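A structural walkthrough
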Amino acid sequence: MLRDVSDSRNSLRSDLVCGILGLLLHDPALDAAAEICEGLSLLQHRGQDACGIVTCGPKGRLFQCKANGMVRDVFDDKAIAKLVGGMGVGHVRYPTAGSSNHAEAQPFYVNSPYGVVLAHNGNLIDSAALLQFMDATAHRHINTSSDSELLLNIFADNLQQTGKFRINEEDIFNAIGGLMKQCKGAYACVAMIAGFGIIAFRDPNGIRPVGMASRKSAAGKDWLFASESIVADAGGFSDWKDVKPGEAVIITRSGVARRIVGEPATFAPDIFEYVYFARPDSVLDGVSVYRSRMAMGDALAEEVRKVLSAKDIAVDVVIPVPDTSRVAALNLAQKLELPYREGFIKNRYVGRTFIMPGQQMRRKNVRKKLNAMALEFAGRNVLLVDDSIVRGTTSKEIVQMAKDVGAKKVIVASCAPPIRHSNVYGIDMPSRSELVAHGRTTDEIAEAIGADLVIFQTLPDLITSVRQFNTSIETFDCSVFTGEYVTGGVDEAYLAHIESLRADHVKSKVPVGKGTNGIDGCPARDPVVTPSASVNGADDTVGLHNTWNIS
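Note that the structure is a prediction, hence the values are computed from the model and not measured.

**Describing the side chain of D242**
- Tracing the sequence through the fold places D242 in strand β11 (residues 238–242).
- For the buried residue D242, which engages in no salt bridge, the nearest side chain bearing the opposite charge is R202, 5.1 Å off.
- Of the polar contacts made by the side chain of D242, one reaches the backbone nitrogen of G286; its length is 3.4 Å.
- Not counting chain neighbours up to four residues away, the residues in contact with D242 comprise R202, V210, G211, E247, R258, L284, D285 and G286.

**As for the sheet that holds strand β8 (residues 197–202)**
- Spatially, the 6 strands line up as an open sheet ordered β5-β6-β7-β8-β12-β13, and their pairing is antiparallel. Only two strands of the sheet have a single partner each, and these edge strands are β5 (108–110) and β13 (255–260). Strand-to-strand twist of the sheet, defined as the mean angle between neighbouring strand axes without regard to direction, takes the value 15 degrees.
- Bridging between strand β6 (residues 116–124) and strand β7 (residues 185–193) involves 9 bridges; their strand directions are antiparallel. Bridge pairing in β7 links N121 to A188.
- Here helix α6 (residues 169–182) sits on the sheet and contacts β7, β8, β12 (247–252) and β13; the angle it forms with β12, its principal contact strand, is near 150 degrees.

**Brief notes about the packing of helix α9 (residues 289–311) against helix α10 (residues 326–336)**
- Packing of α9 against α10 brings their axes to within 7 Å, and their N-to-C directions diverge by 45 degrees. If you check the angle between α9 and α10, you find them oblique. Note on packing geometry: the crossing formed by α9 with α10 is right-handed. Residues Y290, R293, M294, G297, D298, L300, A301, E302, V304 and R305 of α9 form the contact with α10, whose own contacting residues are V327, A328, N331, L332, K335 and L336.
- Residue classes in the contact of α9 with α10 are distributed as 9 nonpolar, 2 polar and 5 charged.

**Quick look at the pairing of strand β16 (residues 317–320)**
- The side-chain alternation of β16 yields two buried faces, one formed by V317 and I319 and the other by V318 and P320.
- One ladder, built from 4 bridges, connects β16 with strand β19 (residues 381–386); its direction is parallel. When the bridges of β19 are listed, I319 appears paired with L384.

**Some points on the nonpolar core**
- Counting residues in hydrophobic clusters, the biggest one holds 46 residues, and the most contacted among them are F272, V304, L332, L383 and F481.
- Secondary-structure elements contributing two or more residues to this core are α8 (272–277), α9, α10, β19, β20 (409–414), β21 (453–456), α15 (459–467) and α16 (479–482).
- In terms of residue count, the dominant contributor to this core is α9 (7 residues).
- With sequence-adjacent residues up to four places away left out, L332 is seen in contact with G297, L300, A301, V304, V318, L383 and V385.
- In this structure, L118, L130, I154 and F201 belong to the second largest nonpolar core, which totals 35 residues.

**Details of the packing of α9 against α15**
- α15 packs onto α9 with a crossing angle of 145 degrees between their chain directions and a minimal axis gap of 8 Å. Judged by the sense of rotation from one axis to the other, the crossing of α9 with α15 is right-handed. Touching S292, A295, M296 and A299 of α9 are D461, L462, S465 and V466, all from α15.
- Here the residues of the contact of α9 with α15 are counted per class, giving 5 nonpolar, 2 polar and 1 charged.

**Concerning empty space enclosed by the protein**
- All told, the structure shown has 3 cavities of 30 Å³ or more when counted by the stated rule.
- What the second largest cavity holds in volume is close to 40 Å³.
- Here the lining of the second largest cavity takes 3 residues from helix α13 (residues 393–404), the largest share from any one element.
- Across the lining of the second largest cavity, the residue classes tally to 5 nonpolar, 1 polar and 1 charged.

**Topic: the confidence of the model for the protein chain**
- When pLDDT is averaged along the protein chain, the result is 88, and 85% of the positions lie at 70 or above.
- Considering only residues more than four positions removed or in separate chains, one finds that residues 3–11, a stretch of pLDDT under 50, has 68 contacts.
- Under a pLDDT of 50 for its full length, residues 507–540 has, in the predicted model, 76 contacts with residues more than four places off or in other chains.

Thresholds, definitions, all that
Residues numbered from 1 in each chain as written. Predicted model: local features only at pLDDT ≥ 70, side-chain atom pairs only at ≥ 80, totals over all residues. Heavy atoms only, no water. Helix = DSSP H or I, 4+ residues; strand = E, 2+ residues; numbered from the N terminus. Buried < 20%, exposed > 50% of the residue type's maximum accessible area, 1.4 Å probe, protein only. Lys, Arg positive; Asp, Glu negative; His and termini not counted. Salt bridge = Lys/Arg side-chain N within 4 Å of Asp/Glu carboxyl O. Polar contact = N/O pair within 3.5 Å; in protein donor to acceptor, adjacent residues only side chain to side chain. Contact = heavy atoms within 4.5 Å. Pairing = 2+ DSSP bridges. Axes fitted to C-alpha atoms, helices over the stretch in contact; angles between N-to-C directions. Parallel < 35°, antiparallel > 145°, perpendicular 65-115°, else oblique. Left-handed = near helix turned anticlockwise from the far one by under 90°. Nonpolar A, V, L, I, M, F, W, Y, C, P; charged D, E, K, R; others polar. Core = buried A, V, L, I, M, F, W, Y, C linked by side-chain atoms within 4.5 Å. 1 Å grid on protein atoms, 1.4 Å probe; cavity = no way out; pocket = protein on both sides within 12 Å on 5 of 7 lines; lining within 4 Å. Points joined across faces, edges and corners; volume = space filled by probe spheres on them. pLDDT = per-residue confidence, 0-100.

Put into structure tokens, the structure is as follows:
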């Protein structure tokens, strides 16, 4: 749908709803950058604010290009040509408030020990304690306000404890196992050690997705890590496997090593990946996103039938809110034997409202992005199908657009249950008070968005819609619907704090370099300066030259 969620402001921000990618070509004489760039473009739906690639070339030298903007704008032929080497890591990022410096684009890099690069999707919930550990014990400086840099430094510090001149796979497994004991929250990561290989690991609950695939080449096997399987499909890779919860995977040109290094925990992938974030042509944890959305439509149809019968309302036409809800809307229409029509025409050259910072910008862009065709609405009782209703701002605009072109009644059906709670695992939901469903009944939600009626999918039906395709998944992270957080460690004080930082009215008011040094309001040791002026040549990234926008 046209998303109406706000972007957050944590003292140390998580990089939310991101796409990660790692590629190792068996032939080191080939350059991986062009293919990484193509892969990132396939993950662009996961973040349009910033992107970056770091590659590893001869003698372990690293090459970097990252900046704010979409993949097609950052990586032209000149930029790609400067990224030398047969392995690399890439990242696309959802916008976090105030994160305008190129230094906060990923991947992140530390030179000690061994030269480590990391791209991260998720959110740490214990980062205040981790930052204190970095300061008092590890003596490592965190230069940005991203918890991804913090995660990288935890990993690097654990590697450094080996004290070795050269590390091996056992050392890496031990370092990641230690990280999983230290870090709490959601994280899917792809890393690279200069001259060694690429690594992927996933939190013990498996909340955020990442998988791997291989491809035969003339020289041997090429290997891929990615957030979604679509990257493997498009690149000619096969044998897609999900990285398991708590698992670390190390790939070098000599082979592949996999090991569960995290302590056993409840496997709970985020169900919102299937509702909204993932591409329909991806498969996550053995579940086809497309098939799950078809099933959501079938289940929602039964709920709609029941509610409409009780209300004695007849619907003339089913219209999806582009794009995510199309699959579910079509199945719903078929199940109810109603006409399915494309009543909203989308301008594809306006950015997704979901990832637009600020309420005013989201509201203005709804009508720029969608046009309602009167011939499908005029004089009809219309059933609009959307993937979910979050803040309600976008939904209200869309309902009004339908009425402006003559709809008699507008009923809104949501493929997801009412969202009443904050997400702390990497989805940038607004605070609870800004969620339209928080503290409201279904009738009150309908009144708030201007609809004649709102019908929500039930949570059991949503879970069944996904789980039926992989019954080994016993539960999902449904915290935005239930307020139950699978990792623990999320109390009212934590929620109140992050909500105080996520509200639209504070997003542009947190000054850089004042008051905090890291996340969750941890007091600064000294003022942290995130420079806007150029450092290291063309960019303010510390330690690794950035070739972006250099002729």
